[in-house]
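Breakdown of the fold
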Amino acid sequence: MARMTAAQAAVEILKKEGITHLFGLPGAAINPFYSAMRTNGGLTHILARHVEGASHMAEGYTRAKAGNIGVCIGTSGPAGTDMITGLYSASADSIPILCITGQAPVAKLHKEDFQAVDITSIAKPLTKMAMTVLEPAQVPGAFQQAFHLMRSGRPGPVLIDLPIDVQLAEIEFDIDTYQPLPVYKPSASRAQIEKALDLLAASQRPLIVAGGGVINADAAELLVEFAELTGVPVVPTLMGWGSIPDDHELTAGMVGLQTSHRYGNATLLESDFVLGIGNRWANRHTGDLGVYTEGRTFVHVDIEPTQIGRVFAPDYGIVSDAKAALELFVEVARERKAAGALADRSAWADSCQVRKGELLRKTDFDNIPVKPQRVYQEMNLAFGRDTRYVTTIGLSQIQAAQMLHVYGPRNWINAGQAGPLGWTLPAALGVATADPEGQVVALSGDYDFQFMIEELAVGAQFNIPYIHVVVNNAYLGLIRQAQRAFDMDYHVQLSFENVNAPEVNGYGVDHVKVAEGLGCKAVRVFDPNELGAAFEQAKKLAAEFRVPVVVEVILERVTNVSMSGAGIDAVNEWEPVAAQASDAPSAIRNTL
């Protein structure tokens, strides 16, 4: 067998497990691992500016393509603690990423050595495994188990902590005979699928709720086939958006308190049966559970047994990987259709389409400063069906989900449960690294953008082009809107007179100059009629210079976005709704 350092063995295992890209920052305690990467070759490393940014880049990389696992690397101490937000975000959305940290020597772990922190204890609640490897010969097994756990059952992140002396120690290891461990995923039985379809057959107005598990399982095509076989309309959740194209005749729209459509909520309220696949009944999807569940039968399919009944008890639960379940749903539905045993759902589906064409929000505004609705209208017109949108939280994300259109899986990439500010920019870099020739468009409010703005330099240094739309109202808009309940507007304004940039008219930070100072290109828009040209210019700049391009749009300071604090039957439409097709031209054109 070959003799090599434990760090070299780890590098070789990464390659055997299909890893090609890593995101991170070197440091004293992880330098042996970096030395192994340099010596062994075969891995591409992207140097982040902040270790939290590296963890979000790894998330974006995983989320962009089925089978990807993003890897982030940092030294001991604060590097690991900086990754915790990334581990939380990945865990919450069932995203496998591998965090590798350096550590003080084994003999110094209890001596409060410089930058020695018990990172495994900190990370355990947010990972499927967090392990400080104390014996060099355990390194291959630790990495093998890490990949096994990340891929098995409900996907999720792992942290491996490597003391510097463990990395440097030599071990006997035969990489030529190394094999990844078999992946375990629970699968529904035929009897369970038969019963679920019997319950569906007893309904009059059924819906399928497609969650992020459908995307994670790479099962979107099966979902669409099942919907078409049965004629049942589909409600994608925020994490499942793209599992069925927005313009498919069986797309019923999203449901929820915030990231939802008027027609989606209305359709859910009209339904009498809901089949949830790979979803977790998130509170911002369901709202008041009494409103959401009343008069409806629920079947819930999820890969994680403890998710069944976690939020509310379904009438029937099935523990299964979404793809395994949908393969059986399709098989049984085909048989029943051939036997003439499937009900005609066309009248119900047609009524959903009617709502989809009538219950829209107005987007066609010519106001200066720009109303945000117009931005999303123009984005729909400027960017094609294969565009990958990346965003995280805030009024910008909520309204984008209400007004943008998505046509394929992994084309809406969102930190759904954790919603960490600053996530968007590094995640977009990870997405663009995974899909270098694709159209990646990030969307941020000004505060989200400022959180990790330094990561723009990563895109410039490593030629990772994408377009970042920044809707700037110089406000913490979502918090400001929430503060209405407290009758205050307190510490949520980001506006100030910038002595170096009078042209921003009191909006504070000059994002154009900052972006250019970090090696990127940037365009600022004041007039809504210039948005289309700005987006086209951004595409050309990204293609020519191969760097991120920022399109900053100066918005009106205050826009109250449609949402509810109670049930899906009580969404407050603060802004005008569409009275005619011309009020929402891209919605009419792109969803029907």
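Our structure's up above, just so we're on the same page.
Calculation notes
- Residues numbered from 1 in each chain as written.
- Predicted model: local features only at pLDDT ≥ 70, side-chain atom pairs only at ≥ 80, totals over all residues.
- Heavy atoms only, no water.
- Patch = residues over 30% accessible without salt bridge, like charges linked within 9 Å, V, L, I, M, F, W, Y side chains within 5 Å.
- Areas by Shrake-Rupley, 256 points an atom, 1.4 Å probe, with all protein chains shown as cover.
- Salt bridge = Lys/Arg side-chain N within 4 Å of Asp/Glu carboxyl O.
- Helix = DSSP H or I, 4+ residues; strand = E, 2+ residues; numbered from the N terminus.
- Buried < 20%, exposed > 50% of the residue type's maximum accessible area, 1.4 Å probe, protein only.
- Phe/Tyr/Trp six-rings, centres within 6.5 Å; stacked < 30°, edge-to-face > 60°.
- Pairing = 2+ DSSP bridges.

Together, Phe486, Met488 and Tyr490 make up an exposed nonpolar region whose accessible area comes to about 370 Å². Looking at where Phe486 falls in the secondary structure, it is placed in the loop between helix H22 (477-483) and helix H23 (511-517). Assessed through its relative accessible area of 62%, Phe486 is described here as exposed.

How two aromatic rings sit relative to each other is set out by the distance from centre to centre and by the angle between their planes. Within the structure shown, the criterion is met by 12 aromatic pairs. Here Tyr292 and Phe298 contribute two aromatic rings whose centre-to-centre distance is 5.8 Å and whose plane-to-plane angle is 25 degrees, an arrangement assigned as stacked. Judged by its relative accessible area of 0%, Tyr292 falls in the buried class. Aromatic pair Phe298 and Phe312: ring centres 5.0 Å apart, planes at 70 degrees, arrangement edge-to-face. In this pair, Phe298 is assigned in strand S12 (residues 297-302) and Phe312 in the loop between S12 and strand S13 (316-319), connecting sequence segments 14 residues apart. Pairwise contacts between aromatic rings join Trp281, Tyr292, Phe298 and Phe312 into one cluster.

Time to look at the pairing of strand S17 (residues 467-472). The element S17 is largely enclosed, with a buried count of six among its six residues. The pairing of strand S16 (residues 440-445) with S17 spans five bridges and is parallel. By the bridge assignment, Leu443 is partnered in S17 with Val469. Pairing between S17 and strand S19 (residues 549-554): six bridges, direction parallel. Within S19, the position partnered with Asn472 by the bridge is Ile554.

Quick look at unusual backbone geometry now. Each neighbour pair has its own omega, and for Ile368 with Pro369 the value is -5 degrees, a cis peptide bond. Here Pro369 shows up in the loop between helix H16 (346-358) and helix H17 (372-382). The backbone phi angle of Asp487 is positive, close to 55 degrees, even though this residue is not glycine. Looking at where Asp487 falls in the secondary structure, it is placed in the loop between H22 and H23. According to the relative accessible area criterion, Asp487 is exposed, its value standing at 73%. Positive phi values are uncommon outside glycine, yet His491 reaches one of about 55 degrees.

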